[in-house]
Amino acid sequence: MVAKLPAVGGASRATALALRSYENEVRLYQELAPDLTVRTPRLFHADIDVTTADFVLLLEDLAPARTGLVMAISAAMLVAQTDRGDQMFLTMAERHARHALDLDAIEVIVVS
């Protein structure tokens, strides 16, 4: 089992609160993951206080799997919430395609 918790403080926590990234990740597992056709960790527990960004996710440990899928989906959720969403999504997708997915997936995303 893996426990995911928020950053303790500082800029990372403030950014997550402003972009609602913790909220998006919690909602991903609560609302979207059950209907996805790709393998996602089983959710054991999820809770968030959206006013403080305090959250906990208890997830199945998929080691040695990598985290690219969750980041790509979270980035896609940001697109609808920010003026720069498209560029943010492409930047995050490129980084995760290169490092997490270990594929040439960015060409698929950009060309499609």
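The structure contained in this document is the topic of the report that follows. (Residues numbered from 1 in each chain as written. Predicted model: local features only at pLDDT ≥ 70, side-chain atom pairs only at ≥ 80, totals over all residues. Heavy atoms only, no water.)

### Some words on the overall build of the protein chain
Piece 1. On a plain count of helices and strands, the protein chain comes out with 5 helices and 3 strands.
Piece 2. The buried share of the protein chain, reckoned over its 112 residues, is 30%.
Piece 3. Counting contacts in the protein chain only where the partners sit at least 6 residues apart, residues at least 24 apart contribute 50% of the total. (Helix = DSSP H or I, 4+ residues; strand = E, 2+ residues; numbered from the N terminus. Buried < 20%, exposed > 50% of the residue type's maximum accessible area, 1.4 Å probe, protein only. Contact = heavy atoms within 4.5 Å.)

### Considering the pattern of salt bridges
Piece 1. Per the stated rule, a full pass over the model turns up 3 salt bridges.
Piece 2. Its salt-bridge partner being R13, residue D54 comes within 2.2 Å of it at the nearest N-O pair. Placement of D54 in strand 3 (residues 54-59) and of R13 in helix 1 (residues 10-19) is noted, with a sequence separation of 41 residues between them.
Piece 3. Given a relative accessible area of 16%, R13 falls into the buried group.
Piece 4. Linking R20 and E23 is a salt bridge whose minimum nitrogen-to-oxygen distance equals 3.0 Å.
Piece 5. Take R20: its relative accessible area is 37%, and that puts it in the partly exposed class. (Salt bridge = Lys/Arg side-chain N within 4 Å of Asp/Glu carboxyl O.)

### As for the packing of helix 1 against helix 2 (residues 21-32)
Piece 1. Where helix 1 meets helix 2, the closest approach of the two axes is 5 Å, and the angle between their N-to-C directions is 60 degrees. Here helix 1 is positioned oblique relative to helix 2, judged by the angle of their axes. Here R13, A16 and L19 of helix 1 come into contact with helix 2, specifically with S21, Y22 and N24.
Piece 2. Looking at the contact of helix 1 with helix 2 residue by residue, the classes come out as 3 nonpolar, 2 polar and 1 charged. (Axes fitted to C-alpha atoms, helices over the stretch in contact; angles between N-to-C directions. Parallel < 35°, antiparallel > 145°, perpendicular 65-115°, else oblique. Nonpolar A, V, L, I, M, F, W, Y, C, P; charged D, E, K, R; others polar.)

### Side note on the nonpolar core
Piece 1. With 12 residues, the main nonpolar core is built from A16, Y22, V26, L28, Y29, A33, A46, I48, A53, F55, L57 and L59.
Piece 2. Elements with a contribution of two residues or more to this core: helix 2, strand 2 (43-49) and strand 3.
Piece 3. A per-element tally of this core places helix 2 first, with 4 residues. (Core = buried A, V, L, I, M, F, W, Y, C linked by side-chain atoms within 4.5 Å.)

### Brief notes about unusual backbone geometry
Trans is the prevailing form of peptide bonds, just as negative phi is the prevailing case for residues other than glycine.
Piece 1. The phi dihedral of R20 falls on the positive side, at around 60 degrees, and the residue is not glycine.
Piece 2. As for its placement among the helices and strands, R20 is situated in the loop between helix 1 and helix 2.
Piece 3. Backbone geometry places A53, a non-glycine residue, at a positive phi of 70 degrees.
Piece 4. Here A53 lies in the loop between strand 2 and strand 3.
Piece 5. Among the residues examined, A53 registers a relative accessible area of 4% and is labelled buried.

### Some words on the sheet that holds strand 2
Piece 1. Read across the open sheet, the 3 strands follow the order 1-3-2; overall the sheet is antiparallel. Among the strands making up the open sheet, the edge pair consists of strand 1 (2-4) and strand 2. Sheet twist, expressed as the mean angle between neighbouring strand axes with direction ignored, is 10 degrees.
Piece 2. The sheet contact formed by strand 1 and strand 3 spans 3 bridges and is antiparallel. Within strand 3, the position partnered with A3 by the bridge is L58.
Piece 3. The strands touched by helix 2 are strand 1, strand 2 and strand 3; relative to strand 2, the strand with the most contacts, the crossing angle is about 145 degrees. (Pairing = 2+ DSSP bridges.)

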